[in-house]
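# Architecture at a glance
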Amino acid sequence: FISETQKQSWETILLYAAGHKYLGIIGFIGLLLLIYRAKIDIIPSLPILLLGLISFKSGNRFTMYLSPFLYAGIGYLIYFLCEYLSKNILKLFKDYVNIFSEVLSTVVAIIFIVITLNLFSGIHYKVTPSIPLDIQQTMLELNGKFGKTPAVWTWWDYGYAYQDLAGFSTVH
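None of these values were measured; they are calculated from a predicted model.

### Comments concerning the packing of helix α2 (residues 21-38) against helix α4 (residues 67-89)
Two quantities define a packed helix pair, namely the angle between the axes and the distance from one axis to the other. Relative to each other, α2 and α4 sit at 70°, their axes nearing to 6 Å. One finds that α2 runs roughly perpendicular with respect to α4. Residues L23, G24, I26, G27, F28, I29, G30, L31, L33, L34 and R37 of α2 form the contact with α4, whose own contacting residues are F69, L70, Y71, G73, I74, Y76, L77, F80 and E83. Counted by class, the contact of α2 with α4 contains 14 nonpolar, 4 polar and 2 charged residues.

See the structure below:
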């Protein structure tokens, strides 16, 4: 019954991890390039990466471990692209290639982050109450009817509401 333990398609996993499946694919490409170029430096991070990759075999519970690696891959692709541009196309700045590459990749990364946050994040999402109004009203009506701090056995999703609205202690 728990949705995050049910097996999902690879598109859904990438949607959860990166916000869009194509963004996730680009992140994987960059991550593979990063692993290829970093080789031994990436070894300490491999257990967490493998934990994130479990989400493709099992449910999406471990997708949160995959997200930073996908965005690190995207960041590395941006850096790699800017490095390539500054070394091969912008030969006028031969003496300043390293500084220019770092500045250019930083500016491109900041623009990319702002656009990504604006398009793919929940900034514009308006949250609706997760607990229906009639249940909230019942909680308010129960407030003070069972002594100072009564204890309630509850499922985890309503526990904090019982504490906040009715002043109950909760056991999950």
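We are not done yet, so read on.
### Things to note about a nonpolar patch on the surface
A contiguous nonpolar surface patch, about 550 Å² in accessible area, is contributed by V103, V107, I111, I115, L119 and F120. You can see V103 is positioned in helix α5 (residues 97-120). With relative accessibility at 47%, the residue V103 sits in the partly exposed group.

### Focus on the confidence of the model for the protein
For the protein, mean pLDDT is 82; residues scoring 70 or higher make up 89% of the total. Per-element mean pLDDT across the protein ranges from 76 in helix α7 (residues 156-166) up to 93 in α2.

Rules used in this analysis
Residues numbered from 1 in each chain as written. Predicted model: local features only at pLDDT ≥ 70, side-chain atom pairs only at ≥ 80, totals over all residues. Heavy atoms only, no water. Axes fitted to C-alpha atoms, helices over the stretch in contact; angles between N-to-C directions. Helix = DSSP H or I, 4+ residues; strand = E, 2+ residues; numbered from the N terminus. Parallel < 35°, antiparallel > 145°, perpendicular 65-115°, else oblique. Contact = heavy atoms within 4.5 Å. Nonpolar A, V, L, I, M, F, W, Y, C, P; charged D, E, K, R; others polar. Patch = residues over 30% accessible without salt bridge, like charges linked within 9 Å, V, L, I, M, F, W, Y side chains within 5 Å. Areas by Shrake-Rupley, 256 points an atom, 1.4 Å probe, with all protein chains shown as cover. Salt bridge = Lys/Arg side-chain N within 4 Å of Asp/Glu carboxyl O. Buried < 20%, exposed > 50% of the residue type's maximum accessible area, 1.4 Å probe, protein only. pLDDT = per-residue confidence, 0-100.

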